[in-house]
Amino acid sequence: MQYWLIKSEPDVYSWDDFQRDGSTFWDGVRNYQARNNLRAMRKGDKALFYHSNIGKEIVGIAKVIGTAYPDPTSDDEQWVCVDVAPHKPFKKPVSLDIIKATPALAQIGLLKQSRLSVVALTKEEYETLCALGL
């Protein structure tokens with residue numbers, strides 16, 4: 001199993017929207033590294049759902065339920081999306097400030113490449129974040 005962090009602006013698509021929908025395709029990614037991360041996702045992988053721009057916090061865990069396929073929001077087949085579903089909400093959101101203050105997360109991709117919308121996590125980073133939020 002691999003672990004990821006996926007970002008969405010909550011005023012565009014929030015955790016509440018995600019839970020209401022029950023599943024969605026993660027689309028609109030137009031960065032090559034983020035696209036490659038989407039391509040690397042496998043069914044059963046876990047992804048932390050991060051509210052970007054507003055809130056700046058991890059609010060829940062998603063599960064990858066389908067592997068990469070052409071993004072229907074693009075005419076260019078190089079862009080892909082994956083299907084994800086809500087798995088578990090965090091009891092308390094894990095803010096960016098908490099992430100920055102946690103020594104075990106000093107090398108997390110969220111801090112190293114803050115503009116990347118799909119970030120790979122190590123198992124240890126994932127477990128640390130879940131321990132903070134669950």
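The rules behind the values
Within any chain, residue numbers begin from 1 and follow the written order of that chain's sequence. For a predicted model such as this one, the threshold for reporting local features is a pLDDT of at least 70, and the threshold for listing and counting side-chain atom pairs is 80 or more; totals across whole chains, interfaces and linings nevertheless cover every residue. Heavy atoms from the whole structure form the basis of all side-chain values; hydrogens and water molecules are not counted. Criterion used throughout: strands pair if DSSP finds at least two bridges between them. Where helices and strands are cited, they refer to DSSP runs of H or I of at least four residues and of E of at least two residues respectively, numbered from the N terminus. Axis definition: a line fitted to C-alpha atoms, over the contacting stretch in the case of helices. Angles run 0 to 180 degrees between N-to-C directions. Throughout, nonpolar core names a set of buried Ala, Val, Leu, Ile, Met, Phe, Trp, Tyr and Cys residues whose side chains join them through atoms within 4.5 Å. Whether a residue is buried, partly exposed or exposed follows from its accessible area with a 1.4 Å probe, protein chains only, as a fraction of its type maximum: under 20%, in between, or over 50%, in that order. Contacts are assigned to residue pairs with any non-hydrogen atoms lying within 4.5 Å of each other. Stacked, tilted and edge-to-face pairs are distinguished by plane angle, under 30 degrees for stacked and over 60 for edge-to-face with tilted covering the rest, among Phe, Tyr and Trp rings (Trp via its six-membered ring) whose centres lie within 6.5 Å. By salt bridge we mean one thing: a side-chain nitrogen of Lys or Arg within 4 Å of a carboxyl oxygen of Asp or Glu.

A.B. asks: Tell me about the sheet that holds strand 6 (residues 118-121), residues and numbers included.
C.D. replies: Taking strand neighbours across the sheet as the criterion, the six strands line up as 2-5-4-3-1-6 in an open arrangement whose pairing is mixed. Of all the strands in the sheet, just strand 2 (24-26) and strand 6 have a single pairing partner and so form its edges. Each neighbouring strand pair of the sheet contributes to a mean axis angle of 40°, computed without reference to strand direction. For strand 1 (residues 3-8) and strand 3 (residues 46-51), the ladder comprises six bridges, and the chain directions are parallel. Bridge assignment links Ser 8 to a residue of strand 3, and that residue is His 51.

A.B. asks: Explain the nonpolar core to me, and be specific about the residues and the numbers.
C.D. replies: One finds Trp 26, Leu 48, Ile 58 and Leu 129 to be the most contacted residues of the largest nonpolar core, which totals 38 residues. Apart from residues no more than four positions distant in its own chain, Leu 129 is found in contact with Leu 48, Ile 58, Phe 90, Val 94, Ile 99, Leu 105, Ile 108 and Leu 121.

A.B. asks: So what's going on with the packing of aromatic side chains? Which residues, and what values?
C.D. replies: For the structure shown, the criterion picks out seven aromatic pairs. Ring geometry for Tyr 32 and Trp 79: centres 5.1 Å apart, planes at 35°, overall tilted. Note that Tyr 32 is positioned in helix 2 (residues 32-40) and Trp 79 in the loop between strand 4 (57-70) and strand 5 (80-95), a separation of 47 residues in sequence. By relative accessible area, Tyr 32 is classed as partly exposed at 48%.

A.B. asks: Could you give an account of the pattern of salt bridges, naming the residues involved and the relevant values?
C.D. replies: According to the stated counting rule, one finds four salt bridges in the structure shown. In this structure, the salt-bridge partner of Asp 21 is Arg 20, at a minimum N-O distance of 3.3 Å. With relative accessibility at 38%, the residue Asp 21 sits in the partly exposed group. Its salt-bridge partner being Asp 71, residue Arg 30 comes within 3.0 Å of it at the nearest N-O pair. Of this pair, Arg 30 sits in the loop between strand 2 and helix 2 while Asp 71 is found in the loop between strand 4 and strand 5, placing the two residues 41 residues apart along the sequence. By relative accessible area, which is 38% here, Arg 30 ends up partly exposed.

Function-wise, these values are silent; they only describe arrangement.
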